[in-house]
Amino acid sequence: MNLPVRVDTSRPLIAAAAVLSGFGFTLLGSASAQAALVATGACDNATLSQPFASFGDSASYKLISGGDFESSLAGWSVSRGAAVVGGAGGAGHALALSPGESIQTPSTCVNTSYPTFRLFAKNTQGLGTVLVQAVYKLPPLNLSVPLPVGVITLNSTWSPTLPMLTGSIAAGLLSNGTAKLSLRFTALTGTTAIDDIYVDPRMR
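Below is a summary of the structure that appears in this document. (Residues numbered from 1 in each chain as written. Predicted model: local features only at pLDDT ≥ 70, side-chain atom pairs only at ≥ 80, totals over all residues. Heavy atoms only, no water.)

Side note on the overall build of the protein
Here is step 1: When you go through the protein residue by residue, the secondary structure sums to two helices and 13 strands.
Here is step 2: The buried share of the protein, reckoned over its 204 residues, is 46%.
Here is step 3: If you take every contact in the protein between residues at least 6 apart in sequence, the share linking residues at least 24 apart comes to 79%.
Here is step 4: Accessible surface, the protein: about 9,400 Å² in total, of which carbon and sulfur atoms supply 57%. (Helix = DSSP H or I, 4+ residues; strand = E, 2+ residues; numbered from the N terminus. Buried < 20%, exposed > 50% of the residue type's maximum accessible area, 1.4 Å probe, protein only. Contact = heavy atoms within 4.5 Å. Areas by Shrake-Rupley, 256 points an atom, 1.4 Å probe, with all protein chains shown as cover.)

Here it is as structure tokens:
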């Protein structure tokens, strides 16, 4: 069994908290006058699966739209040079990134019941590290705010990352309970490949 990819989240999470706190002071006043600020339960009708069950994680997850790279990447932001390669488990497809290249997923709804996300990743050349950011569109100006989640250090074989925080609780407070989340992955070192990007809605 491959070990989970290591995620360094200590400093980025502190920075993310500071960013959200700043927005909280300026926007929460107007948001608090709205309906419930903390939403729970499923925010869409996405199909759920257990992609990490063989790694001891029996939680149900929803796949980010196009997150298995088996269909169109409509709605994705893909930097020039990113290439489709063989996917996790030797089947299907994945996306390879060289240093400086990045991808950003389409947005998906999250609330307090969507606290974490995971994916499969590996390095294909050199020591692969990837910066991960959660990008939220926050009211009232619909601003896109990237929050640093962490830096993942990859293995040479396909492995799941450890669960990473979406920051959905704080973002939901600024968006009437439900927020729109995109995930951005930027290769820092080495040539890397990512696949099967899932968000955990905590539906047991």
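Next comes the rest of the account.
Here we look at unusual backbone geometry
Here is step 1: The phi angle at Phe69 is positive, at roughly 60 degrees, despite the residue not being glycine.
Here is step 2: Within the secondary structure, Phe69 is located in the loop between β3 (61-63) and β4 (77-78).
Here is step 3: The phi dihedral of Asp196 is positive, around 50 degrees, even though this residue is not glycine.
Here is step 4: Mapped onto the fold, Asp196 is located in strand β13 (residues 179-200).
Here is step 5: A residue is classified by how much of its surface remains accessible, and Asp196, at 17% relative accessible area, is buried.

Description of the packing of aromatic side chains
Both the distance between ring centres and the angle between the ring planes are used here to describe each pair of aromatic rings.
Here is step 1: With the rule as written, the count across this model stands at six aromatic pairs.
Here is step 2: Between Tyr61 and Tyr198, the ring centres sit 6.4 Å apart and the planes meet at 80 degrees, which makes this aromatic pair edge-to-face. On the criterion of sequence distance, the pair formed by Tyr61 in strand β3 and Tyr198 in strand β13 is long-range, its members being 137 residues apart. With respect to burial, Tyr61 and Tyr198 carry one shared label: buried.
Here is step 3: With a centroid separation of 5.2 Å and 55 degrees between ring planes, the pair formed by Phe69 and Trp76 is classed as tilted. (Phe/Tyr/Trp six-rings, centres within 6.5 Å; stacked < 30°, edge-to-face > 60°.)

A short note on the side chain of Asn123
Here is step 1: For Asn123, the position within the fold is in strand β9 (residues 116-138).
Here is step 2: One polar contact links the side chain of Asn123 to the main-chain carbonyl oxygen of Gly126, over a distance of 2.6 Å.
Here is step 3: In this structure Asn123 touches Gly128, Leu154, Asn155, Ser156, Thr191 and Thr192, once residues within four positions along its chain are discounted. (Polar contact = N/O pair within 3.5 Å; in protein donor to acceptor, adjacent residues only side chain to side chain.)

Brief notes about the pattern of salt bridges
Here is step 1: Within this structure, the stated rule accounts for one salt bridge.
Here is step 2: The closest approach of N and O atoms between Arg118 and Asp57, which form a salt bridge, is 2.9 Å. Within this pair, whereas Arg118 is found in strand β9, its partner Asp57 is found in the loop between β2 (48-49) and β3, the two being separated by 61 residues in sequence. Assigned by exposure class, Arg118 and Asp57 land together as buried. (Salt bridge = Lys/Arg side-chain N within 4 Å of Asp/Glu carboxyl O.)

Topic: the nonpolar core
Here is step 1: Phe117, Phe185 and Ile197 are the most contacted members of the largest nonpolar core, which has 30 residues in total.
Here is step 2: Secondary-structure elements contributing two or more residues to this core are β6 (93-97), β9, β10 (143-153) and β13.
Here is step 3: In this structure, Ile197 is in contact with Lys62, Leu63, Ile64, Gly67, Phe69, Trp76, Thr105, Arg118, Leu119, Leu183 and Phe185, ignoring residues within four places of it in sequence.
Here is step 4: Counting nine residues, the second-largest nonpolar core is a separate cluster that includes Tyr61, Phe120, Ala193 and Tyr198. (Core = buried A, V, L, I, M, F, W, Y, C linked by side-chain atoms within 4.5 Å.)

Regarding the pairing of β6
A regular strand places its side chains so that they alternate between the two faces of the sheet.
Here is step 1: The element β6 is extensively covered by neighbouring structure, given that four of its five residues are classed as buried.
Here is step 2: Inspection of the sheet shows β6 paired to β13 by three bridges, in the antiparallel sense. Directly across from Leu97, in β13, lies its bridge partner Thr192. (Pairing = 2+ DSSP bridges.)

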